[in-house]
Amino acid sequence: MANTPRPLSPKQVERLNAKSTGTAIKWMSRAQTWIFKKTGGRFGDKFLRGAEVGILTTIGRKSGEERDSPLLFLQEGKRIVLVASQGGRATNPMWYLNLAANPRVKFQTKRETLDLIARDATDAERDAYWPKLDAMYADFANYRSYTDRKIPIVICDPA
């Protein structure tokens, strides 16, 4: 059965996009990244409903330093597919903005670390990937309903 998106009230949308929500996401992400890296992915490798998590490493577009982000992912061979949903917030996540400055990334699963080149999915790829991504994590459909932005799908192929 298809996931029917749950609409948010205007007050819920306001809370989702509040600075405090962004701060909470940032600190929860740092904690999950720390746990994942400290345990080699034995812990911190799952999100809600068991969706698998890996660590994306980008280079900060302003700092030039490595930035880690725990993300849900779909893996097809050595290809990693990511969604820049940020829970349906109105803005793209910082990791996505970093890709514009430097598309070379690393992605660590509990099994391996891959050197990849990131790019936005084409419209045809988006059409092909959304059903797979929704099957992997049903809340992606909700996230798309929470925002007016076109949530990016990022394809990461071997460098």
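These remarks concern the structure in this document. Just so we're clear, the structure is a prediction, and the values are computed from it rather than from any experiment.

## Section: the environment of Leu116
In this structure, Leu116 sits in strand 6 (residues 113-120). Linking Leu116 and Arg104, residues 12 residues apart in sequence, is a C-alpha distance of 5.9 Å. Not counting the four nearest positions on each side in its chain, Leu116 is found in contact with Lys78, Ile80, Pro103, Arg104, Val105, Phe107, Cys156, Asp157, Pro158 and Ala159.

## Details of a nonpolar patch on the surface
Together, Trp34, Ile35 and Phe43 line one region of the surface with nonpolar side chains, adding up to about 360 Å² of accessible area. Among the secondary structure elements, Ile35 is positioned in helix 2 (residues 19-38).

## Some points on the packing of helix 4 (residues 123-136) against helix 5 (residues 139-146)
At their nearest, the axes of helix 4 and helix 5 sit 7 Å apart, and the two run at 115 degrees to each other. The residues of helix 5 that touch helix 4, namely those facing Trp130, Leu133, Asp134 and Met136, are Phe140, Ala141 and Arg144. Broken down by class, the residue content of the contact of helix 4 with helix 5 amounts to 5 nonpolar, no polar and 2 charged.

## A few points about the packing of aromatic side chains
Inspection of every chain in the model, using the stated rule, returns 7 aromatic pairs. For the ring pair Phe73 and Phe107, a centre distance of 4.9 Å and an interplane angle of 65 degrees mean the geometry is edge-to-face. Pair noted here: Phe73 is in the loop between strand 2 (66-72) and strand 3 (74-76) and Phe107 is in strand 5 (residues 104-108), with a separation of 34 residues, a long-range link. The same class applies to Phe73 and to Phe107, which are both buried.

## A short note on the sheet that holds strand 6
Strand-to-strand pairing in sheets goes through backbone hydrogen bonds, with the strands running parallel or antiparallel. Judged by pairing direction, the sheet is antiparallel, and its 7 strands sit side by side in the order 2-1-5-6-7-4-3 without closing on themselves. The open sheet has two edge strands with one neighbour each: strand 2 and strand 3. Adjacent strand axes in the sheet meet at a mean angle of 30 degrees, parallel and antiparallel pairs treated alike. Bridge analysis of strand 3 against strand 4 (residues 79-83) gives 3 bridges, and the strand direction is antiparallel.

## Considering the environment of Leu133
Summarising the element assignment, Leu133 is placed in helix 4. Classification of Leu133 as buried rests on a relative accessible area of 1%. In this structure, the C-alpha to C-alpha distance between Leu133 and Leu82, residues 51 residues apart in sequence, is 8.9 Å. Among residues more than four places away in sequence, those in contact with Leu133 are Leu74, Val81, Val83, Phe140 and Ile153.

## Points about the pairing of strand 4
Burial analysis of strand 4 places 4 of its 5 residues in the buried class, the great majority of the element. If you look at the hairpin formed by strand 3 and strand 4, you'll find 2 residues sitting between the two strands, and Gly77 has a positive phi there, around 65 degrees. In terms of strand pairing, strand 4 meets strand 7 (residues 153-158) through 4 bridges, oriented antiparallel. By the bridge assignment, Val81 is partnered in strand 7 with Ile155.

## Section: the pairing of strand 6
Across 5 bridges, strand 5 lies against strand 6 in antiparallel orientation. Residue pairing across strands places Phe107 opposite Leu114, the latter belonging to strand 6. Where strand 5 folds back onto strand 6 in an antiparallel hairpin, the turn is made up of 4 residues. Note: strand 6 against strand 7, 5 bridges, orientation antiparallel. By the bridge assignment for strand 7, Arg119 is matched with Ile155.

Rules and cut-offs
- Residues numbered from 1 in each chain as written.
- Predicted model: local features only at pLDDT ≥ 70, side-chain atom pairs only at ≥ 80, totals over all residues.
- Heavy atoms only, no water.
- Helix = DSSP H or I, 4+ residues; strand = E, 2+ residues; numbered from the N terminus.
- Contact = heavy atoms within 4.5 Å.
- Patch = residues over 30% accessible without salt bridge, like charges linked within 9 Å, V, L, I, M, F, W, Y side chains within 5 Å.
- Areas by Shrake-Rupley, 256 points an atom, 1.4 Å probe, with all protein chains shown as cover.
- Salt bridge = Lys/Arg side-chain N within 4 Å of Asp/Glu carboxyl O.
- Axes fitted to C-alpha atoms, helices over the stretch in contact; angles between N-to-C directions.
- Nonpolar A, V, L, I, M, F, W, Y, C, P; charged D, E, K, R; others polar.
- Phe/Tyr/Trp six-rings, centres within 6.5 Å; stacked < 30°, edge-to-face > 60°.
- Buried < 20%, exposed > 50% of the residue type's maximum accessible area, 1.4 Å probe, protein only.
- Pairing = 2+ DSSP bridges.

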